[in-house]
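# Descriptive analysis of the structure
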Amino acid sequence: MKKYVRGLLVALVVMSMCLTAKTTVNAEEDVKAASGRTVPYYDYTKSGGVWNGINYYLPNGIKVTDAFFFDGSYTYYLQSDGSPMKDRLTYHPDGNHIIYFDSNGHEVFNRFQYCPSVGYTCYFDSNGYLYKDKITFVGNEVYYLNANGKMEDAGWFQFANGVDYGCANWDGTLNTGGFSYDPWGRVVFYHWNGMVARGLITDGTYNYNMDATDGHYLGQFQHVHNLTAATCTEGSMCLDCGLNVSEALGHNWNNNFYCERCGEYEYKVYFDDGYPFEVNYVSYSGRIYSTVEITNIEYQLSRNYDGTMNVKLYFDGIKTYDYKGSNNSASSYFNCKLYKGDTVVASTMIGTPLLMEGEYFEDESAYFWSLPPGDYTIKLLDR
Ligand SMILES: [Zn+2]
Ligand SMILES: [Zn+2]
């Protein structure tokens, strides 16, 4: 409750700003969209020639018209008569973006600019493009450029989304200070981004019910935390107010290198390819005796007294080919290599039971002993 009262007191200072009548600005950009075209761009520091501040002449004496021109410090747009465009909010030749040339003909980048031709302040980004319907953060201040590109600077306004409201001071800064008033003297809450809160909000002690339409205060009631259970990686927190109640529990690794609580592995084994793996048993002459398809691989890690670990692999699969015919029962073989980074740290051969084509096997195993803990990669190869 104390916090709430303090909010009200602070709010009184800015209140006068927001009690101003809503101002309607209907200024239009004095331009029409061009039909998306590309015009040349000349850089004086590269092209050379003559720039007298009014016209730019290429080294061959031709006067440049209908082009962007960079004199080493500023960018201009040289019009059809070759003179720089001045004090104009205009469409970029691309037909999409709006740019501005000040009274010196300099294109404006990265700053607010009052544009006399439209009678309001705009913001142009690093490309010189006009911000429209953008909340902009400059230092610790928040500004809003509306759908026309006008910086809101006259009290209560509606964002271009047609739903949210804000309150702008004369210098364009938005009210972001939490509880304050709207122009009609009602309590509202201004978010950090300048939007007026609507619906339920909370400070962790009380829930405040703010009107769903314009955000004015309707009432409040005690906040009850809606806590999540702490897990290995995340602490307990309130889903509604964001309060962190406890730290993450941390994993509870066992001798098999997995967490007793969440089942996560402390170390991992990766497979360098996706299922299904197809591996052949090949004769010395290169003839394929038989083929199996590995359909599932599982592994277990276990810890030794000296801290090293053992990897046990279990393979399931199906025999898909036998060179002696589909009814021939014979073992097939494949190789398994274990990498740590680029280094082969172990390898082994795996044999299946006697199988005919189409018969499955399961849990054929391979063991690798006494490895330093870490992440390993398994590669299956023809035998
Ligand atoms: Zn809470
Ligand atoms: Zn865990």
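Residues numbered from 1 in each chain as written. Chains lettered and ligands numbered in written order. Predicted model: local features only at pLDDT ≥ 70, side-chain atom pairs only at ≥ 80, totals over all residues.

### Some details on the overall build of the protein chain
Looking only at helices and strands, the protein chain has two helices and 26 strands in total. The C-alpha atoms of the protein chain give 36 Å as radius of gyration, which overshoots the globular expectation for 383 residues (21 Å, by more than 25%). Seen through its C-alpha atoms, the protein chain measures out along the principal axes to roughly 90 × 75 × 40 Å. For the protein chain, buried positions account for 23% of its 383 residues. When contacts within the protein chain are restricted to residue pairs at least 6 apart in sequence, long-range pairs at least 24 apart make up 48% of them. (Helix = DSSP H or I, 4+ residues; strand = E, 2+ residues; numbered from the N terminus. Rg over C-alpha atoms; globule rule 2.2 N^0.38 Å. Buried ≥ 20, exposed ≤ 12 C-beta atoms within 10 Å, placed from the backbone. Contact = placed C-beta atoms within 7 Å.)

### Digging into the pairing of strand β17 (residues 206–210)
Here strand β16 (residues 199–202) pairs with β17 via four bridges, running antiparallel. Within β17, the position partnered with Leu200 by the bridge is Asn209. Connecting β16 to the next strand, β17, in antiparallel fashion are three residues, including Gly204 with a positive phi near 90 degrees. Of the strand pairs in this sheet, β17 and strand β18 (residues 217–222) are connected by five bridges, and their pairing is antiparallel. In the strand pairing of β18, Asn207 is matched with Phe221. (Pairing = 2+ DSSP bridges.)

### Quick notes on the nonpolar core
Counting 39 residues, the largest nonpolar core has Tyr100, Cys122, Phe124 and Phe189 as its most contacted members. When residues are assigned to domains, this core turns out to be shared by domain 1 (1–23 + 179–250) and domain 2 (28–153), each giving three or more. Excluding anything up to four places from it in sequence, Phe189 contacts Gly178, Phe179, Val196, Ala197, Ile201, Tyr208, Met210 and Gly215. With 19 residues, the next largest nonpolar core counts Tyr281, Val311, Leu313 and Phe368 among its residues. (Core = buried A, V, L, I, M, F, W, Y, C linked by C-beta atoms within 7 Å. Domains from an automatic or database assignment.)

### Some words on the domain arrangement of the protein chain
Once the domains are mapped, the protein chain shows domain 1 (1–23 + 179–250), domain 2 (28–153) and domain 3 (269–382). Inter-centroid distance (C-alpha atoms) of domain 2 to domain 3 is 66 Å.

### Examining the sheet that holds strand β25 (residues 360–371)
Pairing within the open sheet is antiparallel, and its four strands lie in the order β20-β21-β22-β25. Each edge of the open sheet carries a strand with a single partner, namely β20 (277–282) and β25. Direction aside, the axes of adjacent strands within the sheet are offset by 35 degrees on average. (Axes fitted to C-alpha atoms, helices over the stretch in contact; angles between N-to-C directions.)

### Observations concerning the confidence of the model for the protein chain
Looking at the protein chain, the pLDDT average stands at 87 and 90% of residues meet or exceed 70. The model gives residues 1–34 a pLDDT under 50, and that stretch makes 54 contacts with residues more than four places away or in other chains. (pLDDT = per-residue confidence, 0-100.)

### Considering the sheet that holds strand β1 (residues 41–43)
Taken together, the three strands give an open sheet; going across it, the order is β1-β4-β5, and neighbouring strands pair in mixed fashion. In this open sheet, the two strands that pair with only one neighbour each are β1 and β5 (75–78). Going across the sheet, the axis of each strand differs from the next one's by a mean of 25 degrees, ignoring polarity.

### Concerning unusual backbone geometry
Phi angles above zero are rare outside glycine, and Asp66 is one such case at about 50 degrees. Positioned with a positive phi, Asp363 is a non-glycine residue whose angle comes to about 60 degrees. Residue position: Asp363 is located in strand β25.

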